[in-house]
Amino acid sequence: MNSAGRSPYDLEIRGLAKTYGAIRAVDGISLEVERGEFLSILGPSGCGKTTTLRMIAGFEQPDAGEIYLQGTQMGTTPPYERNVNTVFQSYALFPHMTVFDNIAFGLRMKRLAREQIARRVKRMLTIVELAGYEQRLPHQLSGGEQQRVGLARALVKEPTVLLLDEPLGALDLKVRKRMQYELKRIHREVGITFIYVTHDQEEALVMSDRIAVMNQGRIEQVDTTFDIYERPQSLFVADFIGESNTFAGEVVATGEDVSVRCGERVVLRGRPVSAALPVGVQVDVVVRPEKIGMGRPETSHAGEENCLRGWVREVVFQGTSVKYVLDIGAGNPLIVHQQNSLSYPQAEFLKPGEEVLALWRLESTLVFPRR
Amino acid sequence: MTEPILSRLRAKAGGDATLYAYGVLLYLFLYAPIVYLIIFSFNDATATTPPWRGFTLQWYRQVLQNVDLRVAFLNSASLGVMTAVISVTLGTLMAFAFRWRFRGKGFVFGLLLLPMLTPGIVLGVALTLLWRFFRLTPGLFSSTLVAHVIYTLPFAFLIVFTRLHRFDRSLEEAAMDLGADHIRTFRHVTFPLIRPGVIAAVIFAFTLSFDEFIRTFFVIGNENTLPMYVWSMIMTDSTPQTNAIGAIIVGLSLSWILLGTVFLRR
Ligand SMILES: Nc1ncnc2c1ncn2[C@@H]1O[C@H](COP(=O)(O)OP(=O)(O)OP(=O)(O)O)[C@@H](O)[C@H]1O
Ligand SMILES: [Mg+2]
């Protein structure tokens, strides 16, 4: 296990745990990350993302569990001897050093030759598109530029794994969107494994190969972005990623799929996500707003297993889509997103008070046992 | 919100003659003695008091030729340097200790700053008694140095502590992340960033020691420092030479303090 470089994984975590007093910041997580992968750790505030990264970087000693970098057990190896580098949310650029000196810092600590340092720093500056900024001081840079210096400073060391703790958190939306794209490009260019911490689900979806969703110190699910979105394994994941309609109910019929009664006159059919669910079990039913179609009440609809009569309560025009809030008598209202494919003056949107049919397929209905 | 209130206050103060007079009197009160001292250091007379008999630099010439004075000055200067080096080194180390959490931190902090508020005479008496108890000879680089270090240490500590307190720890983590061990992190990141505070502390400790009188008076023994010398001079034969010395000390102290402030602001 400890012959370096023979593991197929750049990073392996086994049963990692860290407690602060009574708080279980990280509560036994395991994870494998492949070479060159872009993995996001996603979760709400306080779920232990930063603590996990800090243990990988070596700033924090775990109470239990192990970390392997390319098969080498880290144990108590100090941060300066780990082949891992961090991009800090606060940038943490050295304020008394120029951009060049900031980026060169890690290479100087390695005691590389002067020309080699200059060459690698220059190449890095080109990659992050900051050529010509060598002699600036950090306070003479914008937030986005500082972030790129922070990135260059970490990447220039060519670490096995690059850790990024909400690196775009402090940037405004526009710069943030551009930096997301930049980060993806840089990731492709350098081919280094990225572990990216964020609490922005959209960002995680856009950027990652895989996402690890964390909640209260544990990993709820690790999967490709597609599976995380389409096949969430728990209500938490379904709720946290994207928008969803959730209805509480009770299983009334079971088989390959289940029927769930949610309220007086509503029975929804769906697929249980894990084990078979016996009749009488309390469950949560989840359906995404964009999976729902709408039809006129007088027409008949075959092929859509769920077909509910409802009334339009609210219409919100959102530009590329239209959001409808429907009353279906199932506890919560039903939210439906429809692509705005209408071309003026062809048709009109539905109006509040109108009666509609809401339709969606069995496969789009996820049923989670109540925990 | 505050802007109109401030300008209204200013307008009111500007129109108020009593307030204006008060201000003038206050500054007179604060600076008149010093201005008086400086003016009469140029007086061409043997008395340090009016009337004014014309301009001369002879008192300054005498100052430069005064051997006892030179010895006292060198004593004060070397004592100041020693004091500054010792108390800033100790103060910096203690400031670093306060980065860790430990039991009774607040209490220890208060204890450290207490000497700032202790009357000089208390320290003077205490050290005199201590020296007597151990049958030691009081002197410049024994009892006086100890007194000065005790006196200046809280100031040095406080200046460095303030600097270190608002220091962003993630900078040190970044350095270690990039391969610098603890020593190199200190050398390349921590120290360069607290250096202005350390320099300010050195300047302030030196100035405090250079001007110190009460504690020194108790523990100096047979030697002399500049303030001691000036005092004895005034008590025996007072000429405008004393004024000249005073003016020089004022000038030196002011420029030191100014320099220290520049570093504090950095
Ligand atoms: N040094 C510490 N001392 C005590 N508690 C801590 C410490 N660091 C973290 N915690 C606690 O551990 C839990 C996890 O913290 P962590 O910083 O890992 O969360 P996070 O997922 O990064 O959150 P955020 O998205 O807000 O950054 C939190 O409840 C936090 O209060
Ligand atoms: Mg965090």
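**Thoughts on the overall build of chain A**
Check the secondary structure of chain A and you find eight helices and 20 strands. Reported as C-alpha extents along the three principal axes, the dimensions of chain A are approximately 80 × 50 × 35 Å. For chain A, the residues scored as buried account for 50% of the 371 residues in total. Partitioning the intrachain contacts of chain A with sequence separation of at least 6 by distance along the chain shows that 68% fall at a separation of at least 24.

**Things to note about the overall build of chain B**
The number of helices and strands found in chain B is 12 helices and zero strands. Helices (α) and strands (β) of chain B occur, in sequence order from the N terminus, as α-α-α-α-α-α-α-α-α-α-α-α. Relative to a compact globule of 266 residues, whose C-alpha radius of gyration would be 18 Å, chain B shows 23 Å and is clearly more extended. Its C-alpha atoms put chain B at 70 × 65 × 35 Å along the principal axes.

**A look at the interface of chain B and chain A**
Contacts between the two partners involve 18 residues from chain B and, on the opposite side, 24 residues from chain A. Carbon and sulfur atoms supply 64% of the area that chain B and chain A bury against each other, a total of about 1700 Å² over both sides. Counting across the interface, chain B meets chain A through one salt bridge. Here Glu173(B) ties to Arg54(A) by a salt bridge, and the two come within 2.7 Å at their closest N and O atoms. At the junction of chain B with chain A, the criterion picks out seven residue pairs in polar contact (both at pLDDT 80 or more). Those elements that provide at least two residues to the side of chain B that touches chain A are helix H8 (169-177) and helix H9 (182-211) of chain B. In terms of residues, the side of chain B that touches chain A owes the most to one element, H8(B), which gives seven residues. For the side of chain B that touches chain A, the residue count by class is nine nonpolar, four polar and five charged.

**Some remarks on the domain arrangement of chain A**
Residue and element names in this part refer to chain A. Each domain of chain A was delimited in the assignment, giving domain 1 (9-237) and domain 2 (244-369). One C-alpha centre belongs to domain 1, the other to domain 2, and the line joining them spans 39 Å. Listed as interface residues are seven residues of domain 1 and, on the opposing side, nine residues of domain 2. Across the domain 1/domain 2 interface, buried area totals approximately 690 Å², and carbon plus sulfur atoms make up 53% of it. For domain 1, the biggest contributors to the area lost against domain 2 are Tyr229, Pro232 and Leu235; these three give 68% of the whole. The interface formed by domain 1 and domain 2 holds one salt bridge in total. Glutamate 230 is the salt-bridge partner of lysine 291, the closest N and O atoms lying 2.9 Å from each other.

**Quick word on the nonpolar core**
By size, the foremost hydrophobic cluster in this structure holds 76 residues, and its most contacted members are Leu11(A), Phe94(A), Phe105(A), Leu163(A), Ile195(A) and Val189(B). Considering every element that reaches this core, the biggest residue donor is H9(B), with 11 residues. Once you skip the residues sitting within four places of it in the chain, Ile195(A) turns out to touch Leu11(A), Val33(A), Leu39(A), Ile41(A), Leu53(A), Val161(A), Leu162(A), Leu163(A) and Leu164(A). Listed in part, the 34 residues of the second largest apolar core include Ile117(A), Met124(A), Leu125(A) and Val156(A).

**Some words on the confidence of the model for chain B**
Residues and elements named next belong to chain B. Per-residue pLDDT for chain B averages 84, and the proportion of residues at 70 or more is 94%. Per-element averaging of pLDDT across chain B places helix H1 (residues 2-15) at the bottom with 57 and H8 at the top with 93. The ipTM value of the predicted complex is 0.81, and its pTM value is 0.80.

**Thoughts on the packing of aromatic side chains**
Inspection of the entire model under this criterion finds 24 aromatic pairs over all chains. An angle of 90° between the planes, with centres 6.2 Å apart, marks the rings of Phe217(B) and Phe218(B) as edge-to-face. Taking the ring centre of Tyr229(A) as reference, the NZ or CZ of Arg288(A) above it sits at 4.0 Å. One residue, Arg215(B), lies across the ring of Tyr151(B), its end atom 3.9 Å from the ring centre.

**Some details on helix H6 (residues 120-133) of chain B**
For an α-helix the count is 3.6 residues per turn, leaving residues at separations of three or four pointing the same way. Residue and element names in this part refer to chain B. Here H6 contains 14 residues, and its C-alpha end-to-end distance of 20 Å stays within 8% of the 20 Å for a straight helix at 1.5 Å per residue. If you check which residues of H6 are buried, you get Gly120, Leu123, Gly124, Leu127, Thr128 and Trp131. The arc that holds the buried residues of H6, viewed along the axis, is 130°, so those residues lie on one side. Pointing more than 90 degrees away from the buried face of H6 are the exposed residues Arg132 and Phe133. Looking at the packing, one finds that the buried side of H6 touches helix H7 (140-165) and helix H10 (214-219). Directly after H6, the chain includes arginine 135, whose backbone phi takes a positive value near 50°.

**What to know about the environment of Gln135(A)**
All names here are of chain A. Structurally, the position occupied by glutamine 135 is in the loop between helix H3 (114-127) and helix H4 (143-155). Along the backbone, glutamine 135 and glutamate 354 are 219 residues apart, and their C-alpha atoms lie at a distance of 65 Å. Beyond its immediate stretch of four places on either side in the chain, glutamine 135 contacts Thr98 and Phe100.

**Quick look at the sheet that holds strand E2 (residues 23-34) of chain A**
All names here are of chain A. Taken in spatial order, the four strands line up as E2-E1-E4-E5 in an open sheet, and their pairing is antiparallel. Two strands bound the open sheet, and with one partner strand each, they are E2 and strand E5 (72-73). Pairing of strand E4 (residues 64-69) with E5 involves two bridges; the strand directions are antiparallel. Each bridged residue has a counterpart across the sheet, and for leucine 69 the counterpart in E5 is threonine 72. Sitting on the sheet, helix H1 (residues 49-57) touches strand E1 (9-20), E2 and E4, and the angle it makes with E1 is about 120°.

**Brief notes about the site of ligand 1**
Residues and elements named next belong to chain A. The environment of ligand 1 is formed by Tyr20, Ile23, Ala25, Ser45, Gly46, Cys47, Gly48, Lys49, Thr50, Thr51, Glu166 and His199. A distance of 2.7 Å separates an oxygen atom of ligand 1 from a polar backbone atom of glycine 46. For ligand 1, the protein covers 62% of the area, taking 640 Å² as the surface of the free molecule. Taken together, the elements giving at least two residues each to the shell around ligand 1 come down to E2 and H1. Here the element with the most residues in the shell around ligand 1 is H1; it accounts for three residues. Classifying every residue of the shell around ligand 1 gives four nonpolar, six polar and two charged.

**Quick word on the pairing of strand E20 (residues 366-369) of chain A**
All names here are of chain A. Where strand E13 (residues 267-272) lies against E20, two bridges are found, and the strand directions are parallel. Counted as the bridge partner of arginine 271 is leucine 366 from E20. In this sheet, E20 lies alongside strand E14 (residues 282-287) in antiparallel orientation, the contact comprising four bridges. The residue of E20 that forms the bridge with valine 286 is leucine 366.

Conventions and cut-offs
Residues numbered from 1 in each chain as written. Chains lettered and ligands numbered in written order. Predicted model: local features only at pLDDT ≥ 70, side-chain atom pairs only at ≥ 80, totals over all residues. Heavy atoms only, no water. Helix = DSSP H or I, 4+ residues; strand = E, 2+ residues; numbered from the N terminus. Buried < 20%, exposed > 50% of the residue type's maximum accessible area, 1.4 Å probe, protein only. Contact = heavy atoms within 4.5 Å. Rg over C-alpha atoms; globule rule 2.2 N^0.38 Å. Buried area = accessible area lost by both parts, 1.4 Å probe. Salt bridge = Lys/Arg side-chain N within 4 Å of Asp/Glu carboxyl O. Polar contact = N/O pair within 3.5 Å; in protein donor to acceptor, adjacent residues only side chain to side chain. Nonpolar A, V, L, I, M, F, W, Y, C, P; charged D, E, K, R; others polar. Domains from an automatic or database assignment. Core = buried A, V, L, I, M, F, W, Y, C linked by side-chain atoms within 4.5 Å. pLDDT = per-residue confidence, 0-100. Phe/Tyr/Trp six-rings, centres within 6.5 Å; stacked < 30°, edge-to-face > 60°. Lys NZ or Arg CZ within 6 Å of the ring centre and 35° of its normal. Expected span 1.5 Å × (residues − 1). Arc of directions from axis to C-beta. Pairing = 2+ DSSP bridges. Axes fitted to C-alpha atoms, helices over the stretch in contact; angles between N-to-C directions. Near = heavy atom within 4 Å. Areas by Shrake-Rupley, 256 points an atom, 1.4 Å probe, with all protein chains shown as cover.

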